[in-house]
2 protein chains.
Amino acid sequence: MFARLVSCAVLLSTVLQPVLAVWPAPKSYTKGNSVLYLHQNLQVTYNGEALTYTYGYSPRAPTSKEIVQAAVSRALGTILNEEKFVPWMLLNRGQLKNFEPDVHKGQKWLSSLKIVQTAEDKPSAFKPLAGEVDESYKLTIGTDGDIKLTAASSVGILRGLETFTQLFFMHSSGTFWYTPFAPLSIEDAPKFPHRGVLLDTSRHWFPVSDIKRTIDAMAWNKLNRLHIHVTDSQSWPLEIPAMPELAQKGAYTPSQIYTTADLDEIQRYGVYRGVEVYLEIDMPSHIGSVAESHPELIVAYDAHPYHWYCAQPPCGAFKLNNTGVDKFLDTLFADLMPRVAPYSAYFHTGGDELNANDSMLDEGIRSNRSEVLQPLLQKFVDKLHQRVRNGGLTPLTWEEIPLDWNVTIGKDTVVQTWLGAPSVKKLTRMGHKVIDSNYNFWYLDCGRGQWLNFANGAAFRTFYPFNDWCGPTKSWRLIYSHDPTAGLTEAEAALVLGGEVAVWTETIDPQTLDSIIWPRASAAVEVLWSGRTDPATGQNRSMIEAQPRLVEWRERMVNRGIRAAAITQQWCSMADDNKGTACEHVV
Amino acid sequence: MFARLVSCAVLLSTVLQPVLAVWPAPKSYTKGNSVLYLHQNLQVTYNGEALTYTYGYSPRAPTSKEIVQAAVSRALGTILNEEKFVPWMLLNRGQLKNFEPDVHKGQKWLSSLKIVQTAEDKPSAFKPLAGEVDESYKLTIGTDGDIKLTAASSVGILRGLETFTQLFFMHSSGTFWYTPFAPLSIEDAPKFPHRGVLLDTSRHWFPVSDIKRTIDAMAWNKLNRLHIHVTDSQSWPLEIPAMPELAQKGAYTPSQIYTTADLDEIQRYGVYRGVEVYLEIDMPSHIGSVAESHPELIVAYDAHPYHWYCAQPPCGAFKLNNTGVDKFLDTLFADLMPRVAPYSAYFHTGGDELNANDSMLDEGIRSNRSEVLQPLLQKFVDKLHQRVRNGGLTPLTWEEIPLDWNVTIGKDTVVQTWLGAPSVKKLTRMGHKVIDSNYNFWYLDCGRGQWLNFANGAAFRTFYPFNDWCGPTKSWRLIYSHDPTAGLTEAEAALVLGGEVAVWTETIDPQTLDSIIWPRASAAVEVLWSGRTDPATGQNRSMIEAQPRLVEWRERMVNRGIRAAAITQQWCSMADDNKGTACEHVV
C-alpha cells in the first residue's frame with residue numbers, strides 16, 4: 001500500500017515532465033528541468049570567432065567554417081521559422097497549459113552558442129570512407145544560458161546542431177521558443193559509420209527537389225549516406241556528356257534527366273549536410289536501358305518470358321566477353337569518376353541478380369554454365385573495380401559477386417548484402433567489409449502488392465492474392481528490431497560498417513516518396529546510430545520507450561515539411577502523455 | 001508465318017491508337033479516330049437554354065440548373081486549367097509526337113455541348129436512397145463538333161460530364177486540347193446504386209479541405225457515398241450545439257472539431273457533386289469518447305487489459321439499460337437529425353464489435369450473458385433506429401447487430417457487412433439490404449503493420465513480426481478481383497446495394513490520406529459501377545485490360561492534385577504504349 005502511494009505520487013509529479021525525445025537516442029545525457037528561452041539574437045561563435053548567420057544562409061564553398069555557418073543558420077531557422085513545434089498532440093487533452101512554461105513570469109534566455117571544433121577537418125571529412133570522419137560531439141546547456149557544442153570535426157558539429165533543434169518547443173502563443181531541459185549535457189557518437197538510404201531513380205524518376213528534401217530529412221536524422229541507384233534496365237536518367245545518347249535515348253523522357261549540373265548540385269547539397277551522395281550504376285545485369293542507345297552491348301533486353309532471363313521486366317545485361325563493353329565502360333568511367341570524386345569516396349558497381357541464362361543469348365558465349373561464365377565475370381569485375389580505383393574511389397558491390405559467383409574482390413571493396421544474416425556472416429568471415437540491407441527488415445518498398453499483370457486463368461490463380469515477393473510491409477517496429485551484427489563474433493561485427501534502408505521504386509514515385517521513407521528510416525537510424533542495445537540496460541531497446549520519441553520526431557518532421565506517415569492513433573500518443581503504455585498490448 | 005505477318009501489321013497500324021481509358025468503364029461505347037479540338041468558348045445549353053459558365057462557378061442553391069452549371073464549369077476547368085494531361089508516360093519513349101495530332105493542319109473544333117435532362121429532378125435526387133436517382137446518361141460527340149449529353153437526372157448529367165473530362169488530352173505545345181475519339185457514343189449506367197468510401201475521423205482527424213478534396217476525387221470516380229465514421233472511442237470531433245461539452249471535451253484539441261458550419265459545408269459540397277455524405281455515430285460500443293464529458297453513461301472507458309473489453313484501446317460502450325443514455329440520445333438526435341436530413345437519406349448507427357464483457361462493469365447489469373444482454377440490446381437498437389426514422393432518415397447498422405446478437409431490425413434498415421461473403425449471404429437470405437465492405441478486399445488501411453506497442457519479452461515474441469490483424473495490404477489487383485455478389489442467387493444479389501472501401505485511420509492522417517485511397521478506391525469503383533464481369537466477354541474483367549486505363553486515370557488524378565500512388569513501373573506503362581502486356585507475368 002505504501003509502495004502504491006509512493007508510485008502514485010511520483011506519477012502525479014512527473015506526469016507533465018517532458019521526455020527528452022532526441023532521435024536517434026544520444027549515447028548518454030543528463031538533463032534538468034529549468035526552462036530557457038531562445039531568441040533570434042543568440043551570440044554564436046566558432047572557435048572563438050563571432051559567427052554571423054542569417055536564415056537561408058548557404059555555404060559558398062565546402063570549407064569547415066562555411067559548412068558550420070550554414071548549419072547554424074538552418075538549425076535556428078528550423079526552430080524559429082519552420083518547425084514551430086507546439087506539442088499538444090503528445091499530451092493529454094487540455095494539458096498543454098500545464099506543460100508550457102508561464103511566459104509572463106521572468107524568462108531566462110539563452111545567451112550564447114559557443115561552437116568549438118577541436119581539430120582541423122581533413123579533406124576526407126567532406127567525402128569520408130566509413131570511419132574517416134569523427135561524428136561525435138558534446139553539447140551542454142547551462143542554466144546560465146550558455147550553450148557549448150564541441151566536436152572534432154565540422155560533421156560532428158552538424159550532428160550536434162541537429163540534436164539542438166530537437167530540444168525546443170514553440171509556446172502556443174506563437175512568440176516564444178523554449179527548452180525545458182536545462183541544465184543539459186549530451187555526449188554522443190554513432191555506433192556505425194555508414195547509415196544510408198538507397199533510392200532507385202530508374203524505375204521511377206524523382207525531381208532534384210525531392211532528392212534535396214530527402215537529404216535534408218536524412219541530415220536531421222543523422223543519416224550520412226545517400227546511395228542513388230541511378231540507372232537500371234528501366235531507364236538511364238543520368239547525363240553522360242561523353243555519351244549524350246545514353247540519357248537522350250535511355251531516360252523515360254527529356255524532362256527526367258539528371259544533368260551534370262543537377263548531379264553536382266545534389267552531391268554538393270549533401271556535403272554541406274554531412275550526407276555523402278554516391279552513385280550506383282548496376283552491372284553487368286540491370287543495365288538493359290543501355291540497349292536503347294547501344295544495343296550491341298546488351299543481351300536479353302526485354303527478353304520474354306522475362307523470368308527465364310532476369311528478376312523482372314525488362315531484362316538486359318552487358319555481354320560479359322565483349323571489347324565493345326570494355327570501351328564503353330572506359331569512356332563512361334573516364335567521364336563520370338572525375339565528376340563524382342570531389343564529393344564521394346565510393347562508387348557502387350552493382351552486381352546483383354545476374355542470370356546465367358542471359359549469356360545463352362550472347363553470340364559470343366552461348367552458355368549458362370558457371371565454369372564458362374565465372375572466369376569472364378571475374379575479369380569483368382576486376383576491370384570494373386579497377387576503373388573505380390583509378391578514379392580515386394572505393395568500389396562497392398552487391399553480395400552476389402563474391403558469394404554466388406565466387407568472384408575474388410579486393411579487400412578495399414565494400415559488399416552490400418540484401419539476402420540477410422547468413423550473407424553478412426559469410427562475408428565478414430571472409431574478411432570483407434559489409435553494409436547490410438536485409439530485405440526482410442529494411443526494404444521499405446515491400447508489402448505494396450504486385451505490380452506485374454496476371455491474365456485471367458492460370459496466372460491469376462497462381463499469383464492470387466497478388467502479394468509482392470518481399471511482403472508484408474516492414475513496419476517501424478520490425479525495422480527497429482533488426483540488428484545487422486546479430487550472431488556475429490566481435491571481429492566479424494567490426495567489419496559491418498552499417499546499413500542502408502532501400503527504396504526500390506516499382507510502385508513508388510514522387511507522390512509517395514516521403515511517406516515510404518519517413519519515419520521508417522528513422523527506426524533504422526536509431527539502430528545504426530545508437531545501437532539495437534540500450535547501454536543503460538544492456539538489453540534490446542524497447543518500442544515502449546522508443547514510440548513516444550518517434551511520435552514526437554515524426555511530428556517535428558511533418559512540421560518541417562516532410563509527409564511522414566503516422567505510426568499510431570493520435571489517442572495513443574495523447575492518452576498517457578505519450579509514454580508509450582496507453583496502447584501497449586500486455587499478454 | 002502468314003498469321004504472324006498479319007499480326008505484325010495490325011500491331012504497326014494500331015500501335016499509336018489511343019485507348020478509350022474512361023474509368024470506370026462505361027456500359028457500352030463506339031468510337032472513331034477523328035480528332036476534335038476543345039476551346040474555351042464552347043456553346044453550352046441546358047434543356048435548350050444557353051448555360052453561361054465561368055471557371056470556379058459555385059452553385060448558389062441545390063437546384064438542378066445550378067448543379068449542372070457548376071458541374072460544366074468544373075469539367076471545362078479541369079480539362080483546360082487543372083489537369084492539362086499530356087500522355088507521354090503512356091507511350092513508348094519518344095512516341096508522343098506520333099500520338100499527337102498535327103496542330104498545324106486544319107483543326108476541327110467542338111462547337112456545342114447540348115445537355116438535355118429528360119425528367120425533372122425529384123427532391124430525393126439530392127439525397128437519394130439507393131436506387132432513387134437514375135444516374136445513367138448518354139454522351140455522343142459527332143464529327144460535326146456537336147456534343148450531346150442526355151440524362152434523366154442532374155446526377156446523370158454530372159456522371160456524364162466526368163466521363164467527358166476523361167476524353168481529352170492537352171497537346172504538348174500547351175495551347176491545344178483535343179479528343180481523338182470522334183465520332184463517339186457512350187451509354188452508361190451504374191451496376192450498384194451505393195458506391196462509397198468510409199472515412200474514420202475519430203482515430204485521426206482530417207481538415208475540411210481534405211474531406212472536400214476527397215469528395216472531388218470521389219465525384220471524378222463516380223463514387224456517390226461518403227460515409228464519415230465521425231466519432232469513436234478515440235475522439236468526438238463533432239460539434240453538437242445542444243451538448244457543446246461533447247466536442248469541447250471529446251475532441252483531441254479545439255482545432256480538431258467539425259463545427260455545424262463545417263458539417264453543412266461538407267454535406268452541401270457533396271450534394272453539388274452527386275456525393276451523398278452521411279454520418280455514423282457508432283454505438284453502443286466504440287463510443288468511449290463520450291466519457292470525457294458524460295462519464296456516467298459509459299462503461300469500460302479505457303479499461304485494461306483492453307482486449308478483455310474491446311478490440312482496441314481505448315474501450316468504452318454505452319450502458320445498455322440506462323435512462324441517462326436514452327435522454328442523451330434523445331437530445332443528440334433531436335439536435336443532429338434536422339441538420340443532416342436536408343443532405344442525406346441515411347444515418348449509420350454503428351453496432352460493430354460490442355463486447356459482452358463491458359456489461360460486467362455496468363453496475364446496472366453486471367453480466368456478460370447473451371440472455372441478459374440480447375433483450376437490452378434489442379430495446380436499445382429499436383429506440384435508436386426509431387430516432388433515425390423520426391428524423392426522416394433511414395438507419396444503417398453494422399452486421400453484428402442482426403447476425404451476432406440476433407437483434408430484429410426493420411426491413412428499411414441497411415446492413416453493412418465487413419466480415420465477408422458468408423455474412424452477405426446470410427443477410428440477403430434474411431431479406432436484408434446489404435452494403436459490402438469485405439475486410440479481406442476493401443479495407444484500405446490493412447497491411448501497414450501494428451500500431452500497438454509490445455514490451456520486450458513475451459509480448460514482443462508473440463506478436464513478432466508485428467503484422468496488423470488484416471494484412472497484407474489490399475492491392476488494387478485484389479480489390480478489383482472482389483465481387484460483392486459472388487455466390488448469391490439472383491434474388492439475394494438484388495439486395496446488395498453496393499459497397500464501400502474503408503479507411504480506418506489508426507495509422508493514417510492527412511499526410512497519407514490521398515495515397516491510401518487513390519487509386520485503390522478506383523479499382524472498387526469499377527466493380528461497383530461497371531461490374532466485375534465484362535459484358536463484352538461475359539468473363540471477369542482482366543487486369544491486363546484494366547491496368548492501362550487505371551494508369552492513365554491515376555495520372556489524370558495526380559495532375560488534378562491528388563497524391564495517388566503509382567501502381568506499376570513507369571517502364572511498364574511506356575514499353576508497350578501502356579497495353580498492359582509489357583509487364584504481364586505469363587505462367
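Conventions we followed
- Residues numbered from 1 in each chain as written.
- Chains lettered and ligands numbered in written order.
- Predicted model: local features only at pLDDT ≥ 70, side-chain atom pairs only at ≥ 80, totals over all residues.
- Heavy atoms only, no water.
- Helix = DSSP H or I, 4+ residues; strand = E, 2+ residues; numbered from the N terminus.
- Rg over C-alpha atoms; globule rule 2.2 N^0.38 Å.
- Buried < 20%, exposed > 50% of the residue type's maximum accessible area, 1.4 Å probe, protein only.
- Contact = heavy atoms within 4.5 Å.
- Lys, Arg positive; Asp, Glu negative; His and termini not counted.
- Charge placed at Lys NZ, Arg CZ, Asp CG, Glu CD.
- Least-squares fit on C-alpha atoms with pLDDT ≥ 70 in both.
- Buried area = accessible area lost by both parts, 1.4 Å probe.
- Salt bridge = Lys/Arg side-chain N within 4 Å of Asp/Glu carboxyl O.
- Polar contact = N/O pair within 3.5 Å; in protein donor to acceptor, adjacent residues only side chain to side chain.
- Domains from an automatic or database assignment.
- Nonpolar A, V, L, I, M, F, W, Y, C, P; charged D, E, K, R; others polar.
- Pairing = 2+ DSSP bridges.
- Right-handed = clockwise from strand over helix to strand, strands pointing away.
- UniProt positions renumbered as here; feature names shortened; annotations may be inferred.
- Phe/Tyr/Trp six-rings, centres within 6.5 Å; stacked < 30°, edge-to-face > 60°.
- Disulfide = S-S within 2.5 Å.

Peer 1: Sorry, what's going on with the overall build of chain A here?
Peer 2: Counting secondary structure elements, chain A contains 20 helices and 20 strands. Relative to the compact-globule value of 25 Å for 587 residues, chain A shows a C-alpha radius of gyration of 25 Å, a close match. By principal-axis analysis of the C-alpha atoms, chain A measures approximately 85 × 55 × 45 Å. Across the 587 residues that make up chain A, the buried fraction comes to 65%. Looking at chain A alone, contacts between residues at least 24 apart form 73% of all its contacts between residues at least 6 apart. Between the mean site of the 54 positive side-chain charges and the mean site of the 63 negative ones, chain A shows a separation of 5 Å.

Peer 1: Help me understand the relation of the copies chain B and chain A in this model?
Peer 2: Both copies of the chain are related by one operation, a rotation about an axis with a shift along it. With an RMSD of 0.0 Å, the fit of chain B onto chain A corresponds to turning through 180 degrees and sliding 0.0 Å along the axis. Read as a symmetry element, the transformation amounts to a two-fold axis. Within chain B, Pro472 of chain B has its C-alpha nearest the rotation axis, a separation of 2.9 Å. When the interface residues of chain B are mapped onto chain A, 100% of them again lie at the interface, so the same face is used by both copies.

Peer 1: Looking at this structure, I do not really get the interface of chain B and chain A. What am I missing?
Peer 2: You'll often see interface size given as the accessible area lost when the parts meet. The partner chain A presents 84 residues to the 84 residues of chain B that form the contact. A buried area of about 6700 Å², summed over both sides, lies between chain B and chain A, and 53% of it is on carbon and sulfur atoms. Area buried by chain B at its contact with chain A is led by Arg93, Asn453 and His585 of chain B, which between them contribute 13% of it. Across the chain B-chain A interface, the total number found is four salt bridges. The tally of links from chain B across to chain A stands at 54 residue pairs in polar contact (both at pLDDT 80 or more). Listed by contribution, the elements that provide at least two residues to the side of chain B that touches chain A are helix 6 (245–250), helix 13 (458–463), helix 14 (476–480), helix 18 (543–559) and helix 19 (570–575) of chain B.

Peer 1: What am I meant to see in the domain arrangement of chain A here?
Peer 2: All names here are of chain A. Domain annotation of chain A identifies domain 1 (16–191) and domain 2 (196–289 + 317–530). Computed over C-alpha atoms only, the centres of domain 1 and domain 2 are separated by 34 Å. Listed per partner, the contact involves 26 residues of domain 1 and 28 residues of domain 2. Both sides of the domain 1 and domain 2 interface together cover about 2400 Å² of buried area, and 55% of this is carbon and sulfur. Our enumeration of links across domain 1 and domain 2 arrives at twelve residue pairs in polar contact (both at pLDDT 80 or more). Residue assignment for the side of domain 1 that touches domain 2 shows that the elements contributing at least two residues are helix 2 (64–83) and helix 4 (154–165). Broken down by element, the residue count for the side of domain 1 that touches domain 2 peaks at four residues, all from helix 4. Looking at the side of domain 1 that touches domain 2 residue by residue, the class counts come to 16 nonpolar, two polar and eight charged.

Peer 1: Any chance you could explain the pairing of strand 17 (residues 433–436) of chain A here in plain terms?
Peer 2: Taken residue by residue, a regular strand's side chains alternate between the two faces of the sheet. Residues and elements named next belong to chain A. Strand direction decides the pairing type here: strand 16 (residues 414–417) and strand 17, joined by four bridges, are parallel. Looking at the pairing, Val415 lines up with Val434 of strand 17. Crossover strand 16 to strand 17 through helix 12 (residues 421–429) is right-handed. Summarising the sheet, strand 17 and strand 18 (residues 496–503) pair through three bridges and their orientation is parallel. In the sheet register, Ile435 faces strand 18, and the bridge partner there is Gly498.

Peer 1: Which parts of the structure should I look at to understand the UniProt feature "active site" (unreviewed entry) in chain A?
Peer 2: Residues and elements named next belong to chain A. Taking the UniProt record as the reference, the feature "active site" (unreviewed entry) is found at Glu353. For Glu353, the position within the fold is in the loop between strand 14 (346–348) and helix 10 (370–390). The residues contacting Glu353, other than those within four sequence positions of it, are Ser285, His286, Ala311, Glu400 and Trp418.

Peer 1: Even after reading the chapter, I still don't get the UniProt feature "domain: Glycoside hydrolase family 20 catalytic" (unreviewed entry) in chain A, so can you show me in this structure?
Peer 2: In this numbering, the UniProt entry assigns the feature "domain: Glycoside hydrolase family 20 catalytic" (unreviewed entry) to residues 192–531 of chain A. Along residues 192–531 of chain A the backbone is 36% helical and 14% strand, and the end-to-end C-alpha distance reaches 8 Å.

Peer 1: Just checking my understanding: could you explain the packing of aromatic side chains for this structure?
Peer 2: The relation between two aromatic rings is expressed through the spacing of the ring centres and the mutual angle of the planes. As enumerated under the stated definition, the model contains 60 aromatic pairs over all chains in all. Relative to Phe169 of chain A, the ring of Phe99 of chain A has its centre 5.3 Å away and its plane inclined at 90 degrees; by these criteria the two rings are edge-to-face. Of this pair, Phe99 of chain A sits in helix 3 (residues 96–99) while Phe169 of chain A sits in strand 7 (residues 169–170), and the two are 70 residues apart along the sequence. Taken together, a centroid distance of 4.5 Å and an interplanar angle of 15 degrees make the contact between Phe454 of chain B and Phe463 of chain B stacked. By relative accessible area, Phe454 of chain B is classed as buried at 0%. Site record: aromatic cluster; members linked through ring pairs are Tyr37, Phe85, Phe99, Trp109, Phe169, Phe176, Tyr178 and Phe181 of chain A.

Peer 1: How do you make sense of the state of the cysteines when you look at a structure like this?
Peer 2: A covalent bond bridging the sulfur atoms of two cysteines is what the word disulfide describes. Residues and elements named next belong to chain B. For the coordinates displayed, the defined rule picks out six disulfides over all chains. Through a disulfide, Cys310 is tied to Cys315; the S-S separation comes to 2.1 Å. With the S-S bond torsion at -80 degrees, the cross-link from Cys310 to Cys315 turns out left-handed. At a sulfur-sulfur separation of 2.0 Å, the disulfide partner of Cys446 is Cys470. Disulfide Cys446 to Cys470: torsion about the S-S bond roughly -100 degrees, handedness left-handed. With a gap of 24 residues between them, Cys446 in the loop between helix 12 (439–442) and helix 13 and Cys470 in the loop between helix 13 and helix 14 connect regions that are remote in the sequence. Side by side, Cys446 and Cys470 carry an identical accessibility label, which is buried.

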